[in-house]
Amino acid sequence: MISVLKYISRPFARKASAKMHYTTGVNITLLPSDKCSFEDPVHVIVNGLNPRQRVQLRSKVTDDNGLVFQALATYEASDNCQIDLTRHPSLGGSFTGIEPMGLFWALKADTEACKFAKTDVTRPVLVDIEVLSNDEVIAQATNERHCMADGVRRVPVTEGRIRGTLFLPPAGTGPFPGILDTSVVRGAPFELRAALLAKQGFAVFALAFQGYQDLPKRAEKFHLEYFEEGITFLRQQPEVKGQKIGLISISKSGDLALSMAAFLPGISATVCINGCNANTLVPVYYKDMCLPPLLFDIAKTKMTPSGMLDIGDVMHDPMSKEGLPSVIPIECNTGNFMFIMSEADRNWRSAYYARLACDRLKAHGKNNYELVAYEKAGHFIELPYMPFCVADFHGVAGKVIYFGGEPKAHSEAQLDAWPKILKFFRKHLRATKQRSLL
């Protein structure tokens, strides 16, 4: 368990100077501790300021690609010489108003076209929080945001042709329900999400499907047998035997997960985040079955006012004559579905696709689905306090594209979606133990 003792920073160390334009004795308190899990909030308090003194609070973090993300906000100390981010508003900067975790969700790199990278989950994310007066740092503290709870086991997997990483909760506390985690079109495993799900009592196999180790950089087709091997591997783990299996996916892997749910036996719960109800990009095969890809019209690309490429409308309509053969027959699955979608997603029309999927299930007399909608969120709904990604290089388009959404609304969506996902899996996988491990 996290220690409930507070962490108090020391005043920022510096050489003696004849001109000291900042208040001495300023410190930053992080509650309940300077260490927490990646998805947990921290309570930031600054003490030792002068009454009504205006300062800037800055957060900084370097991701695993070496990019520096920052957020900056101006605050005014209260009459008792304190700034409490749960009670005092930002007067301007990266965000305004009372935002207890604004220094985290508003983190942004200098280059707009990038996505925060966390590939080494064995090391915490280190977020420096600084107090600045007249552009000089007068206090500093570091928040260690851990990706793996104590006792969670990380096991790299190179089993036959499957590649990925298995995350298991602490030994001796099973058996655990299993989750197969697939990520974006680049195909590498999203270890951070998998590790945090393992913290919650699930055995999670983050399965790569292209662009990773010796897998093809970009597959020309997918065979569901590969994913079936991944599920079989997960089922065969001693910690998982006899338990139900779920899927979690996002973007392109969303339609792969829906195909798995439709054609592979024994999938009890599927979470599809901003995916498509039809197979996309390349054909999908299973035994003698082939789902052709939904085609797209590159002529429908456009530019945003800020000069970003918008491909949100290029995909053909799945309900068109040309699109119908690509639609995934998810009604074949006897488990449950959760569709999480963003109305402002500009990667593609994920809100429309999610509603089509639900309509299809309903038309087949099924009510085994939940639809979670976010009006102003962008494409990558991931984890609480994950920095917002408005644009990045797109592996298929081969260019930087605009993903849509607004930073604050997107952060609120991530904060809201995560407990909903956990509740969904706990309900439909019927886990026996779901206690948090950190």
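If you're wondering where the values come from, they're calculated on a predicted model, not measured in any experiment.

Caption draft 1: Structural view of the packing of aromatic side chains. Per the counting criterion, the structure on display carries 13 aromatic pairs. Residues Phe209 and Phe222 carry aromatic rings whose centres are separated by 5.7 Å and whose planes lie at 75° to one another, so their mutual orientation is edge-to-face. Taken together, the residues span a long stretch of sequence, with Phe209 in the loop between β15 (203–207) and β16 (222–223) and Phe222 in strand β16 at a distance of 13 residues. Of the two residues, Phe209 and Phe222, both sit in the buried class. With 6.1 Å between their ring centres and 50° between their planes, Phe209 and Phe227 make a pair best called tilted. Of this pair, Phe209 sits in the loop between β15 and β16 while Phe227 sits in helix α3 (residues 224–235); the two residues are 18 residues apart in sequence, bridging distant segments of the chain. Take Phe209: its relative accessible area is 5%, and that puts it in the buried class. Stacked on the ring of Phe380, the Lys or Arg Lys115 has its end atom at 4.9 Å from the ring centre.

Caption draft 2: How the structure looks around the pairing of strand β12 (residues 153–159). In this structure, β12 lies alongside strand β13 (residues 162–168), joined through seven bridges in antiparallel fashion. Residue pairing in the sheet places Val155 in a bridge with Leu166 of β13. Hairpin connection from β12 to β13: two residues lie between these consecutive antiparallel strands, with Gly160 at a positive phi of about 60°.

Caption draft 3: Spotlight on the UniProt feature "active site" (unreviewed entry) in the protein. If you check UniProt for "active site" (unreviewed entry), the listed places come out as Ser251, Asp345 and His379 in our numbering. The greatest C-alpha distance among the residues just named is 10.4 Å, despite their covering 129 residues of sequence, which places them together in space. On the secondary structure map, Asp345 appears in the loop between β23 (336–342) and α5 (350–363). For Asp345, a relative accessible area of 3% corresponds to the buried category.

Caption draft 4: Local environment of unusual backbone geometry. Cis peptide bonds are those with omega within 30 degrees of zero, and the linkage from Leu31 to Pro32 qualifies with 5°. Tracing the backbone through its elements, the reader meets Pro32 in the loop between β2 (27–31) and β3 (35–37). Not every positive phi belongs to a glycine, and Cys81 is a case in point at roughly 70°. With respect to the helices, strands and loops of the structure, Cys81 is situated in the loop between β6 (68–76) and β7 (83–84). The phi angle at Asn274 is positive, at roughly 50°, despite the residue not being glycine. When you line up the elements, Asn274 lands in the loop between β18 (267–273) and β19 (284–286). Classification of Asn274 as buried rests on a relative accessible area of 0%.

Caption draft 5: Structural context of the pairing of β23. Within β23, six of the seven residues are buried, which leaves it mostly tucked inside the rest of the structure. Direction of pairing for β18 relative to β23: parallel, over a ladder of five bridges. For Val271, the partnering residue across the bridge sits in β23 and is Met338. In this structure, β23 lies alongside strand β24 (residues 369–374), joined through six bridges in parallel fashion. Paired with Phe339 across the bridge in β24 is Leu371. The handedness of the β23 to β24 crossover, carried by α5, is right-handed.

Caption draft 6: Geometry of the sheet that holds β15. Strand order in this open sheet of eight strands is β12-β13-β15-β14-β17-β18-β23-β24, and the pairing throughout is mixed. The open sheet is flanked by β12 and β24, the only strands paired with a single partner. Each neighbouring strand pair of the sheet contributes to a mean axis angle of 15°, computed without reference to strand direction. Its contacts with the sheet put helix α4 (residues 252–263) on β14 (178–181), β17 (245–250), β18 and β23, and the angle it makes with β17 is roughly 155°. Against the sheet, helix α6 (residues 407–429) makes contact with β14, β17, β18, β23 and β24, and its axis sits at roughly 170° relative to β18, the strand it touches most.

About the cut-offs
- Residues numbered from 1 in each chain as written.
- Predicted model: local features only at pLDDT ≥ 70, side-chain atom pairs only at ≥ 80, totals over all residues.
- Heavy atoms only, no water.
- Phe/Tyr/Trp six-rings, centres within 6.5 Å; stacked < 30°, edge-to-face > 60°.
- Helix = DSSP H or I, 4+ residues; strand = E, 2+ residues; numbered from the N terminus.
- Buried < 20%, exposed > 50% of the residue type's maximum accessible area, 1.4 Å probe, protein only.
- Lys NZ or Arg CZ within 6 Å of the ring centre and 35° of its normal.
- Pairing = 2+ DSSP bridges.
- UniProt positions renumbered as here; feature names shortened; annotations may be inferred.
- Right-handed = clockwise from strand over helix to strand, strands pointing away.
- Axes fitted to C-alpha atoms, helices over the stretch in contact; angles between N-to-C directions.
- Contact = heavy atoms within 4.5 Å.

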